[in-house]
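Listed below, chain by chain, are the residues.
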Amino acid sequence: MSKLEQHIFKKNDSKWTFNHFYRGNKTFKKIIVILFNLLILITLVSASVRNDIHDTQLYVQENLNQIKNAMDILAYRNQRYASTVTKTINDLKNQNLRPLVTIHYYPKLKEFGFNRGIYPNNLLNGTLLGPGKPNKRIQNETHIFAILDDLWTEQQRHTITYNYYYISHALKYFYLSSKSNAINFNATREFFSSPKYKDRHSTSQFDASLYKGFHYTAPYLDIFSKKMVITIKSPVYNKDQIVGDIGVDIPVKSLFQSITLPNKLKSALNLYLYDISNKKRINIYTGYNNNLLPSVEIYTRLSDNILIHANISAAFFISSAIQILMLGLLLLIMLNYMNATLRKYKDQKQYYQLEAYTDQLTGLFNRRVLDTVIQKTLEETRKTDQTISMIVFDANDFKTINDTYGHDIGDLALKHISSTISDMTRDSDICIRLGGDEFCIVLPNADLEQALLMADRLELAIFSGYFCHYHIKVAISTGCTVIKANENLHDALIRADKTLYENKKNKAENRKMLQQQLNNSVFKSPPSFPKKE
């Protein structure tokens, strides 16, 4: 950091000092740039992945809630159907009604029913089946089947696949909402005597579920469709006794069909039901099989014991992170290129600014600083009531050196003077080449006595040095003054010049005194300069 740069770029000293160190130390600069870029990339990728995970969780959660809402709609509708059938049963009680359809007995199957492909002349839409032979009570309940047909054929638009049925616990039969062939059903006798039947009907449920009007069963393998289903059941009452259930079977696999997900997300998603009571997992959809990577889990509660889970593989977010990383790298490359271009432009601007205030031969300030750098220094120093001094000097008999030895030797003399004053002055001092062989030094926080002492030291130091192979010396004459408060800088220069020219009249005597001081000190032989060809 040169004195020249210190004074020109002193507008923000702490910031400039860091920038100077940052730009001057290439290793430090590279480390800072790499760390800064890594920090930006990590922050960018982390923020993007965090937002991506959050948005994906919300999106999948909304789809799970959509399944939940769709099933709740089916549940409340099923409850309404059960209430209608309950009212119908109580209205038909003790009435001797003519059966609406014929109920057949199938000797080979030892079952009764209709609409099983054997006797197709039945106007009811559903399928009846039950073990053994039908009795008169079942014949009377054919009027309930007509009511169920009307309820089940309501125009309903739904994303979930489902099938309704009515099961009579009192008379042990099924009435299904669709027509099916006899070959599909031949296990009803075993079903009504199985533990699964006893566990699933409404009488086995808690009072809270009965009060609500419906309940969900755990997923199970349906004996008719041979598919894993989850059933919503609503009890049908005769007085205060549960005589049957209206149920809606929902194939587990159809739950996934009710939601809309992008193919990319589907391939990274596993969907399953979890039975809390039995601690059993029932897969709905499997999009990936890699269990090495962690997953993001989302779930919603279908009922007290049934949860629907969605696991999203971390690979889905890693692929997004890689894309963000590539975009971030591209963006950083562009930003770094723009920053390098801007820095280059700024460096060039500072270089030209420095060059504009610099004397090319000596490296000192030129006269342009009188109205800029020095003026600011004066304003800052006066605020603290500090004294500012000035030394003006020029080379004695400089024209003789130029005429005798040439302008190249004269330039060496000027460089010798400038390098000596640069070495001997403080960082706060401002050294200027006014023109030709005339120089000026502005000394902030220095009184006249200190300026005179500095002038004497400069005269001796400059005179004591050899600057060329001719072993000649150059002497200077000086003039010192104190810049008065609110005084114009040019007025101070004029006063200092007058002192300089007064002292110049005694330049011969001053030279003898300087030589005498040198003779009294330790003798030094002149340096050996290579002779110019």
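Our structure is the block above this text.
These figures come from a predicted structure and were not determined experimentally. (Residues numbered from 1 in each chain as written. Predicted model: local features only at pLDDT ≥ 70, side-chain atom pairs only at ≥ 80, totals over all residues. Heavy atoms only, no water.)

Caption draft 1: Quick peek at the packing of helix α15 (residues 448-464) against helix α17 (residues 507-520). The N-to-C vectors of α15 and α17 enclose an angle of 75°; their axes lie 10 Å apart at closest approach. One way to sum up the angle between α15 and α17 is to call them roughly perpendicular. From α15, E459, L460, F463 and S464 reach across to α17, where they touch R511, L514, Q515, Q517 and L518. For the contact of α15 with α17, the residue count by class is four nonpolar, three polar and two charged. (Axes fitted to C-alpha atoms, helices over the stretch in contact; angles between N-to-C directions. Helix = DSSP H or I, 4+ residues; strand = E, 2+ residues; numbered from the N terminus. Parallel < 35°, antiparallel > 145°, perpendicular 65-115°, else oblique. Contact = heavy atoms within 4.5 Å. Nonpolar A, V, L, I, M, F, W, Y, C, P; charged D, E, K, R; others polar.)

Caption draft 2: Region of interest: the sheet that holds strand β11 (residues 280-286). Taken together, the four strands give an open sheet; going across it, the order is β11-β10-β13-β12, and neighbouring strands pair in antiparallel fashion. The sheet terminates laterally at β11 and β12 (295-301), the two strands that pair on one side only. If you compare each strand with its neighbour and ignore which way they point, the axes differ by 25° on average. Contacts from helix α3 (residues 26-92) reach β10 (269-275), β12 and β13 (306-313) within the one sheet, and its direction differs from that of β12 by about 30°. Its contacts with the sheet place helix α11 (residues 314-356) against β12 and β13, and it is angled at close to 35° to β13. (Pairing = 2+ DSSP bridges.)

Caption draft 3: Looking closely at a nonpolar patch on the surface. The grouping of L293, I318, I322, L325, M326 and L329 at the surface amounts to a nonpolar patch, some 490 Å² of accessible area in total. On the secondary structure map, M326 appears in helix α11. Exposure remark for M326: the relative accessible area of 51% places this residue in the exposed category. (Patch = residues over 30% accessible without salt bridge, like charges linked within 9 Å, V, L, I, M, F, W, Y side chains within 5 Å. Areas by Shrake-Rupley, 256 points an atom, 1.4 Å probe, with all protein chains shown as cover. Salt bridge = Lys/Arg side-chain N within 4 Å of Asp/Glu carboxyl O. Buried < 20%, exposed > 50% of the residue type's maximum accessible area, 1.4 Å probe, protein only.)

Caption draft 4: A look at the packing of aromatic side chains. Under the defined criterion, the tally for this structure stands at 16 aromatic pairs. On the basis of an interplanar angle of 0° and a centroid distance of 3.9 Å, the ring pair of F256 and Y285 is categorised as stacked. Separated by 29 residues along the polypeptide, F256 in helix α9 (residues 254-257) and Y285 in strand β11 bring together distant segments of the chain. Overall, the relative accessible area of 12% leaves F256 in the buried class. Look at Y285 and you get partly exposed, because its relative accessible area is 24%. Following the ring pairs from residue to residue traces out a cluster consisting of Y81, F114, F145, W152, Y162, Y164, Y166, Y173 and Y175. Positioned above the aromatic ring of Y105, the side-chain terminus of K133 is 5.5 Å from the ring centre. For the cation-ring pair, K473 lies above F463, with the distance from its terminal atom to the ring centre recorded as 5.1 Å. (Phe/Tyr/Trp six-rings, centres within 6.5 Å; stacked < 30°, edge-to-face > 60°. Lys NZ or Arg CZ within 6 Å of the ring centre and 35° of its normal.)

None of the figures reported here should be taken as evidence of function without further support.
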